[in-house]
Structure formats: structure tokens, C-alpha cells
Amino acid sequence: INIKVNGFMPGGFASALARTFVIGEPCEETVKYWDMAVSAQTLIAENSKPGVTVSELMDLFREKILKPAGLKESSENQIYGIGAGISEAPRNTDSTRDIPLKKGMALVIAPVIKPEGMDPYCAGDVFVITQDGAKRLNTTSPELYILR
């Protein structure tokens, strides 16, 4: 079960969260792809520093995560701004992907791992850009949720 929520409330409050839930014991493949989604999010966050672009972050994701696993890139929003609205610039899906990140920007980092013929895996959280990389703003566990 994949849940991805982008919430917006009047007055300029927005947030996002994406997690995968499994009913019963997960198979090895599920654990592998979930771990890959969390690793991808960590890689992107660690490299989300002032001056870097979303385009460069997506290149890194492609080269370090997708390509070695033989996976294709999803066309959906995977890195995007969030603040007073949902899916603000910069976004990985349009020309704003080339805007340099600035300290204090809020981004959703939600890389999609989509094995062919399967549902996607997506670990998504809101981060703030710092000099040393992006810092996650929520305390929701990045673990695979197992429902029994």
C-alpha cells in the first residue's frame, strides 16, 4: 500500500509525506526496493546544498541509484519546492529544475523507485536546505511499515 499525501491549507501551510505499507511479512524484493527508496532520499538530501540544482540532484539519483539497478526514471514530481503551496518551484519536471538551491528553501524529496510492472516505492518528506545538506523536518520513521 503506497500512500503519498500533499496537503495544503489556506493561509500558506503545506506539507507532504510518502510511505509504503505492507500487509504481512514483506518479501525480500519489497525490502530491497524500499531500502533503495530510503537510500535514494538520503543521497539526495545529503547533496541538497546551496548552489546545487534539482537537475544535478536528479542526475546523481539516476547515476547512483537507478542506473546500477537497471530501473527507469519516473516522470512524476520527485523533488519539488513546498512552502505556501504544493509543488512550488524548483521542480524536477520543468525548467525550474535548473534554479540553484538556496539556504532555507523547503523541498519535498520523494524519489520514486518503480520496478517494471510493479507499484512504485517512494519515501517522501519535507526538508530544509542547509549549508551541509538538507535536514528532514518531520520525525516520521523512514522504515517500511508492516501491518499484521
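Residues numbered from 1 in each chain as written. Predicted model: local features only at pLDDT ≥ 70, side-chain atom pairs only at ≥ 80, totals over all residues. Heavy atoms only, no water.

Turning our eyes to something else, we now look at the overall build of the protein chain. A tally of regular secondary structure across the protein chain gives two helices and 10 strands. Listed by position from the N terminus, the elements making up the protein chain come as β-β-α-α-β-β-β-β-β-β-β-β. Taken over the C-alpha trace, the protein chain has a radius of gyration of 15 Å; the compact-globule value for 148 residues is 15 Å, and the two agree within 12%. The 148 residues of the protein chain split such that 41% are buried. If you take every contact in the protein chain between residues at least 6 apart in sequence, the share linking residues at least 24 apart comes to 61%. Element-wise, carbon and sulfur atoms account for 54% of the exposed surface of the protein chain, whose accessible area totals about 7800 Å². Averaging the positions of the 16 positive and the 18 negative side-chain charges in the protein chain gives two centres separated by 4 Å. (Helix = DSSP H or I, 4+ residues; strand = E, 2+ residues; numbered from the N terminus. Rg over C-alpha atoms; globule rule 2.2 N^0.38 Å. Buried < 20%, exposed > 50% of the residue type's maximum accessible area, 1.4 Å probe, protein only. Contact = heavy atoms within 4.5 Å. Areas by Shrake-Rupley, 256 points an atom, 1.4 Å probe, with all protein chains shown as cover. Lys, Arg positive; Asp, Glu negative; His and termini not counted. Charge placed at Lys NZ, Arg CZ, Asp CG, Glu CD.)

With that settled, the discussion passes to a nonpolar patch on the surface. There is a patch of nonpolar side chains on the surface, built from Ile1, Ile3, Val5, Ile23 and Leu147 and spanning about 470 Å² of accessible area. The topology assignment puts Ile3 in strand β1 (residues 2-9). Among the residues examined, Ile3 registers a relative accessible area of 41% and is labelled partly exposed. (Patch = residues over 30% accessible without salt bridge, like charges linked within 9 Å, V, L, I, M, F, W, Y side chains within 5 Å. Salt bridge = Lys/Arg side-chain N within 4 Å of Asp/Glu carboxyl O.)

All right, on to helix α1 (residues 28-47) then. In a regular helix each residue adds 1.5 Å, so 20 residues correspond to 28 Å; α1 covers 29 Å between its end C-alpha atoms and thus fits that length. Three or more residues of α1 are buried, namely Thr30, Tyr33, Trp34, Met36, Ala37, Val38, Ala40, Gln41, Leu43, Ile44 and Ala45. (Expected span 1.5 Å × (residues − 1).)

To continue, consider the sheet that holds strand β10 (residues 145-147). The three strands lie next to each other as β1-β2-β10, forming an open sheet whose pairing is mixed. At either margin of the open sheet sits one strand with a lone partner, and together these are β1 and β10. Taking each pair of neighbouring strands and ignoring which way they run, the sheet shows an average axis angle of 35°. Note: strand β2 (residues 13-23) against β10, three bridges, orientation parallel. Paired with Ile23 across the two strands is Leu147, which belongs to β10. (Pairing = 2+ DSSP bridges. Axes fitted to C-alpha atoms, helices over the stretch in contact; angles between N-to-C directions.)

Looking now at the state of the cysteines. Formally, a disulfide is one covalent bond, and it connects the sulfur atom of one cysteine to the sulfur atom of another. In the structure shown here, the tally under the stated rule is zero disulfides. Considering cysteine sulfurs only, Cys122 is the nearest to Cys27, which forms no disulfide, with 18 Å between them. Accessibility expressed as a relative area gives 41% for Cys27, which makes it partly exposed. Under the relative-accessibility criterion, Cys122 is labelled buried at 11%. (Disulfide = S-S within 2.5 Å.)

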